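Listed below, chain by chain, are the residues.
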Amino acid sequence: MDRCMPLLILLLMGRHGLCQQEEVCSKSLINSCDDCIKSGPYCAWCQTLNFTKDGEQDAVRCNTRAELVKRGCKENEIISPKNKRNIAKDDPLSASQNGQVVQMRPQKIDLDLRPGLPVSFNVSFKAAEGHPVDLYYLMDLSYSMKDDLANVQVLGTDLFAALRKITNHARIGFGAFVDKTVLPYTNTNKKKLKKPCDENDQQCQPAFGYRHVLSLTPNKNDFEAEVKKQFISGNLDSPEGSLDAMMQAAVCEDKIGWNSNSTRLIVLTTDAGFHMAGDGKLAGILEPNDEKCYMENNLYVKSTEMDYPSVGQLAMQLEKNRIQTIFAVTQNVESVYKELSKMIPKSEVGVLSSDSKNVVQLIERAYNALSSKVTITHDNLPEKVRVVYRPICRNGEKSEKEGVCDQVHVGDEVIFEITVTADTCMENKFFTISPRGIKDTLTVTINTTCKCQCDTAGPIIDPHPHCNMSGSISCGICSCKDGHVGQFCNCKIGNKQEHTLRASCQKDNGTECEGRGDCVCGRCECHNTDSGSQYYGPYCECDDDHCEKFQNQQCGGKGRCKCGKCECNSGFEGSACQCKTSDEACRTVNNSVCNGRGICKCNQCECKGGYQRPHCLECPGCTDPCQTKVNCIECLGFESGPFKKNCSEACKTISSTIVKEAFTLSPKECKQKDSEGCWMTFKLVQLVGEDNYKAEIMIKRGRMLMK
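Residues numbered from 1 in each chain as written. Predicted model: local features only at pLDDT ≥ 70, side-chain atom pairs only at ≥ 80, totals over all residues. Heavy atoms only, no water.

Under the annotation held in an unreviewed UniProt entry, the protein chain carries the name Integrin beta and is attributed to Astatotilapia calliptera. What UniProt records for the protein chain under Subcellular location (unreviewed entry) is the sentence "Cell membrane". Under the heading Sequence similarities (unreviewed entry), UniProt records this for the protein chain: "Belongs to the integrin beta chain family." (UniProt positions renumbered as here; feature names shortened; annotations may be inferred.)

Structure below.
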């Protein structure tokens, strides 16, 4: 067994190894050094002046570095741009100081890339202790959450104590939601809008969609004071407007008071499912959610005018605003929110007790799960740019999850090897890389090298003798002056337009010399093929190297290739000379070939229009001859009808017999009216050939009886 096979997968993933992928230069139309380096990441250009041999075109200067050296090009004469990278900003990782922290490095990198050639660099991440945390508590205040509200009203001390274990820079805010205040979600009776709870409940606030109660604050007393002012409300249906509330909490950054440097959390507590995009139609609300902030006097004022957001819209805004979500839900809706969590980046689900007493422990567990998982992702990636992440997690362990490290604790440093490839030329494009839910960002700027920077040793000679004193040397080839063209500027076009000369080298207004030669003075000078032979034809359209293969041999080894088509040896046929010349399988019981209605190729019938294999016997789509031959039957059997005067000529393809009592032929019986309105009865058999029939005609004709 090949010694490389056991390590094949690993070596293909790595950048180095015994079985590295071979460097290949797949060149197409090459007229210059710039064309060469753009045609593939491993294509190089030899700028040696006399590198080409007699009859060779400048395209031979373009190949892999190894092939050029093999042909005699010196290393210092080979142009092959390499990738360059410059780390423009690399602040060291640092712990929290006055709320400021650096958890990822570098912060800015500039890449100058060769199209198609990947470049790799490392990004380090270190979870810092004491990073600021903003927690926005978003509570369902529908009637079924009555017991939960009482417990949340005294939650401030415990919640702040739990956050102090994480950081000294913690803030908490509060918001509440129910649902849109229109039917069928809420009873719109005026009395019910003011008091949507049971008659016996004295403390009940009017129906509302989403209300922002308290902006983020480090003061637990403010939190408890504002929450104690809240009362339960109510609505009709079970799903709530939680997505409306989350969207506003995410996009109303100034209203909520999100800190730009903090870890941002939304804790959603509910015992019901959620409405989403499209549900607004039930209330006649057709305007899609536009993901903008509409808060006036701390109320969402577009609640009854705009549809609920989709899950995709909400996920995008949460990620854009670096918000992580904890769904604290009761057991009856746990599965619903677990499915939702799969679509919301950086989110966790915890089961809330029936009265929310365990909410602090739930938040602690969920926060630890969120913060220990580091996911690196990118944003604003330009077209034709590819990014691959290779995580190296704690203790040098390599993660199988692309861009993800689990179980990362405070103080742990992990590394992500990032590989970037630009597949086309571009200038000043950039994208960002960041850990989900964390402010730190790496800005990657990309430029590409698509032009050759050729060295010129010695003084510049212009004009140059190599170019017939009609041009100068650039990257080893001639750059002609106006009025001159050709590989060595040896074609003087005078007053003629160059595009007119070039047009005469284009077949059917296509590619010049089919991309296989150079147009010199209006005529194609064809290049050599890879095998060493030469393209030929007026437009270099022919070569003898590319014909159809059979059993991995050109023309099956039974013919020769001529201008892309096989010319088969005697006794063989087919597009790849794959068949012995024989018609045995095309022969019919009457010893005809394909019943005279097709030709035999590769011992198989190719039938003419409509007739079917194997022997072109039947034609299901053809018009019934009972109809097409009716005029001939009339003149042959009864000497009447349109063909009466020239029957022998018009109907010479039918041999007919008159019968008095019974038919001897087997096909179906035909009944057709003649020119006098009489019914003729006859049978037709198709003989060998397309229009060759035998007919039997019943001597008696009849008329249709009128009822």
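On we go from here.
Participant: Honestly, the overall build of the protein chain in this entry has me stumped. Any pointers?
Facilitator: Helix and strand counts for the protein chain stand at 16 helices and 41 strands. If one aligns the C-alpha atoms of the protein chain with their principal axes, the spans along those axes are about 115 × 105 × 65 Å. Looking at the protein chain residue by residue over its 707 residues, the buried ones come to 43%. Considering only contacts within the protein chain whose residues lie at least 6 apart along the sequence, 60% involve residues at least 24 apart. Counting every atom, the protein chain has about 37800 Å² of accessible surface; 47% of that belongs to carbon and sulfur. Positive and negative side-chain charges of the protein chain, numbering 87 and 91 respectively, have mean locations separated by a distance of 3 Å. (Helix = DSSP H or I, 4+ residues; strand = E, 2+ residues; numbered from the N terminus. Buried < 20%, exposed > 50% of the residue type's maximum accessible area, 1.4 Å probe, protein only. Contact = heavy atoms within 4.5 Å. Areas by Shrake-Rupley, 256 points an atom, 1.4 Å probe, with all protein chains shown as cover. Lys, Arg positive; Asp, Glu negative; His and termini not counted. Charge placed at Lys NZ, Arg CZ, Asp CG, Glu CD.)

Participant: Sorry if this is basic, but what is going on with the packing of aromatic side chains here?
Facilitator: What describes a pair of aromatic rings is the distance from one ring centre to the other and the angle between the planes of the rings. Within this structure, the stated rule accounts for 6 aromatic pairs. Between Phe327 and Tyr337, the ring centres sit 5.4 Å apart and the planes meet at 45 degrees, which makes this aromatic pair tilted. Within this pair, whereas Phe327 is found in strand β16 (residues 323-330), its partner Tyr337 is found in helix α11 (residues 334-343), the two being separated by 10 residues in sequence. Judged by its relative accessible area of 0%, Phe327 falls in the buried class. The exposure class assigned to Tyr337 is buried, which follows from its relative accessible area of 1%. Ring pairing ties together the aromatic residues Tyr137, Phe174 and Phe223, which thus form one cluster. Lying across the ring of Tyr308, Lys180 places its NZ or CZ 4.5 Å from the centre. The ring of Phe208 is capped by Arg211, whose NZ or CZ atom sits 4.6 Å from the centre of that ring. (Phe/Tyr/Trp six-rings, centres within 6.5 Å; stacked < 30°, edge-to-face > 60°. Lys NZ or Arg CZ within 6 Å of the ring centre and 35° of its normal.)

Participant: Mind showing me how you'd approach the packing of helix α5 (residues 156-164) against helix α7 (residues 220-228) here?
Facilitator: Between two packed helices, what matters for the description is the angle formed by their axes and the separation of those axes. Two elements in contact, α5 and α7, have axes separated by 9 Å at closest approach and are oriented at 145 degrees. Both α5 and α7 take part in a crossing whose hand is right-handed. Side by side, α5 and α7 meet where Gly156, Thr157, Leu159 and Phe160 of the first sit next to Lys220, Phe223 and Glu224 of the second. (Axes fitted to C-alpha atoms, helices over the stretch in contact; angles between N-to-C directions. Left-handed = near helix turned anticlockwise from the far one by under 90°.)

Participant: Hey, could you run me through the state of the cysteines in this one?
Facilitator: The bond known as a disulfide is covalent and runs between the sulfur atoms of two cysteines. Counted according to the given criterion, the structure contains 25 disulfides. Shown here is the disulfide that connects Cys252 with Cys293, its sulfur atoms set 2.0 Å apart. With the S-S dihedral at roughly 110 degrees, the linkage between Cys252 and Cys293 falls on the right-handed side. Highlighted residues: Cys252 in the loop between α8 (242-251) and α9 (253-256) and Cys293 in the loop between β13 (263-270) and β14 (295-296), separated in sequence by 41 residues. Owing to a relative accessible area of 2%, Cys252 belongs among the buried residues under this scheme. Owing to a relative accessible area of 31%, Cys293 belongs among the partly exposed residues under this scheme. The disulfide bridge from Cys579 ends at Cys602, spanning 1.8 Å between sulfur atoms. The disulfide joining Cys579 to Cys602 has a torsion of about 95 degrees about its S-S bond and is therefore right-handed. Pair noted here: Cys579 is in strand β35 (residues 579-580) and Cys602 is in the loop between β36 (598-601) and β37 (604-607), with a separation of 23 residues, a long-range link. Looking at Cys579, the relative accessible area reads 12%, which means it is buried. Classification of Cys602 by relative accessible area gives partly exposed; the value is 26%. The structure places no disulfide on Cys678, whose sulfur is separated from the nearest cysteine sulfur, that of Cys635, by 16 Å. (Disulfide = S-S within 2.5 Å.)

Participant: Which parts of the structure should I look at to understand the sheet that holds strand β1 (residues 44-46)?
Facilitator: The strands making up a sheet associate through backbone hydrogen bonding, with each pair oriented either parallel or antiparallel. Overall, antiparallel pairing links the 3 strands, which are arranged β2-β1-β3 in an open sheet. Both outer strands of the open sheet, β2 (62-63) and β3 (78-79), are each paired with one neighbouring strand and no more. (Pairing = 2+ DSSP bridges.)

Participant: Hey, could you run me through the environment of Asp307 in this one?
Facilitator: Note on placement: Asp307 falls in the loop between β15 (299-300) and α10 (311-320). Asp307 gets classed as buried once you look at its relative accessible area, which sits at 8%. For the pair Asp307 and Pro288, spaced 19 residues apart in sequence, the C-alpha to C-alpha distance is 5.2 Å. Ignoring anything within four residues of it in the chain, the contact list for Asp307 reads Lys180, Asp244, Met276, Ala277, Gly278, Asp279, Gly280, Ile285, Glu287, Pro288 and Asn289.

Participant: Just to check I follow, could you spell out the confidence of the model for the protein chain for this structure?
Facilitator: When pLDDT drops low, the exact placement of atoms in the prediction is not to be read closely. Per-residue confidence for the protein chain gives a mean pLDDT of 86; residues scoring 70 or more make up 93%. Below pLDDT 50 for its whole length, residues 1-20 participates in 10 contacts with residues either more than four positions away or in separate chains. (pLDDT = per-residue confidence, 0-100.)

Participant: Explanation requested: the pairing of strand β9 (residues 119-126) in the structure shown.
Facilitator: A regular strand places its side chains on the two faces of the sheet in alternate fashion. Counting buried residues in β9 gives 6 out of 8 residues, a clear majority hidden from the surface. Sheet topology places strand β7 (residues 104-105) next to β9; 2 bridges connect them, and they run antiparallel. Bridging from a neighbouring strand, Arg105 pairs with Ser124 of β9. Pairing analysis gives 8 bridges linking β9 to strand β21 (residues 413-422), with the strands arranged antiparallel.

Participant: Looking at this model, I keep getting lost on the pattern of salt bridges. Mind explaining?
Facilitator: Opposite charge on two side chains permits pairing when their charged atoms draw close. In this structure the tally under the stated criterion is 26 salt bridges. Close ionic contact of Arg264 with Glu253 constitutes a salt bridge, the shortest N to O distance being 2.8 Å. Of this pair, Arg264 sits in strand β13 while Glu253 sits in helix α9, placing them 11 residues apart in sequence. Taking relative accessible area as the criterion, Arg264 reaches 3% and is therefore assigned buried. Across the salt bridge formed by Glu339 and Lys342, the nearest N and O atoms sit 3.0 Å from each other. Taken together, the residues Glu339 and Lys342, both in helix α11 and 3 residues apart, mark about one turn of the helix. Note on Lys342: relative accessible area 63%, which makes it exposed. (Salt bridge = Lys/Arg side-chain N within 4 Å of Asp/Glu carboxyl O.)

Participant: What's the story with the UniProt feature "domain: Integrin beta subunit tail" (unreviewed entry) in the protein chain in this structure? I'm lost.
Facilitator: Mapped onto this structure's residue numbering, the UniProt feature "domain: Integrin beta subunit tail" (unreviewed entry) falls at residues 626-703. Annotated as residues 626-703, this span is 21% helix and 31% strand, and its ends, taken at the C-alpha atoms, are 18 Å apart.

Participant: So what exactly am I meant to see when it comes to the side chain of Thr419 here?
Facilitator: With respect to the element layout, Thr419 can be found in strand β21. For Thr419, a relative accessible area of 18% corresponds to the buried category. Looking at Thr419, its side chain comes within polar contact range of the side chain of Ser120, at 2.7 Å. With residues near it in sequence (within four places) discarded, Thr419 still touches Pro118, Val119, Ser120, Arg386, Val387 and Val388. (Polar contact = N/O pair within 3.5 Å; in protein donor to acceptor, adjacent residues only side chain to side chain.)

Participant: When you look at the nonpolar core in this model, what are you seeing that I'm missing?
Facilitator: Residues Leu135, Tyr137, Leu159, Phe174 and Phe223 are the most contacted members of the largest nonpolar core, which totals 38 residues. Among the elements that make up this core, the one with the highest residue count is helix α12 (residues 359-371) (7 residues). Once you skip the residues sitting within four places of it in the chain, Tyr137 turns out to touch Val152, Leu155, Leu159, Gly173, Phe174, Gly175, Phe223, Val267, Thr269, Val359 and Ile363. (Core = buried A, V, L, I, M, F, W, Y, C linked by side-chain atoms within 4.5 Å.)

Participant: Just checking my understanding: could you explain the environment of Ala44 for this structure?
Facilitator: Within the element layout of this structure, Ala44 appears in strand β1. Relative accessible area serves as the criterion here: at 1%, Ala44 is assigned to the buried category. Setting aside chain neighbours within four positions, we find Ala44 in contact with Cys36, Arg61, Cys62, Asn63, Arg65, Leu68, Ile78, Ile79 and Ser80.

Participant: Which parts of the structure should I look at to understand unusual backbone geometry?
Facilitator: Most of the time, phi is negative for any residue but glycine, and the peptide bond is trans. A cis amide bond, omega -5 degrees, links Arg105 with the succeeding residue Pro106. Mapped onto the elements of the fold, Pro106 is located in the loop between β7 and β8 (108-113). For the bond from Leu183 to Pro184, the omega torsion is 5 degrees, close enough to zero to count as cis. As for its placement among the helices and strands, Pro184 is situated in the loop between β11 (170-177) and α6 (190-194).

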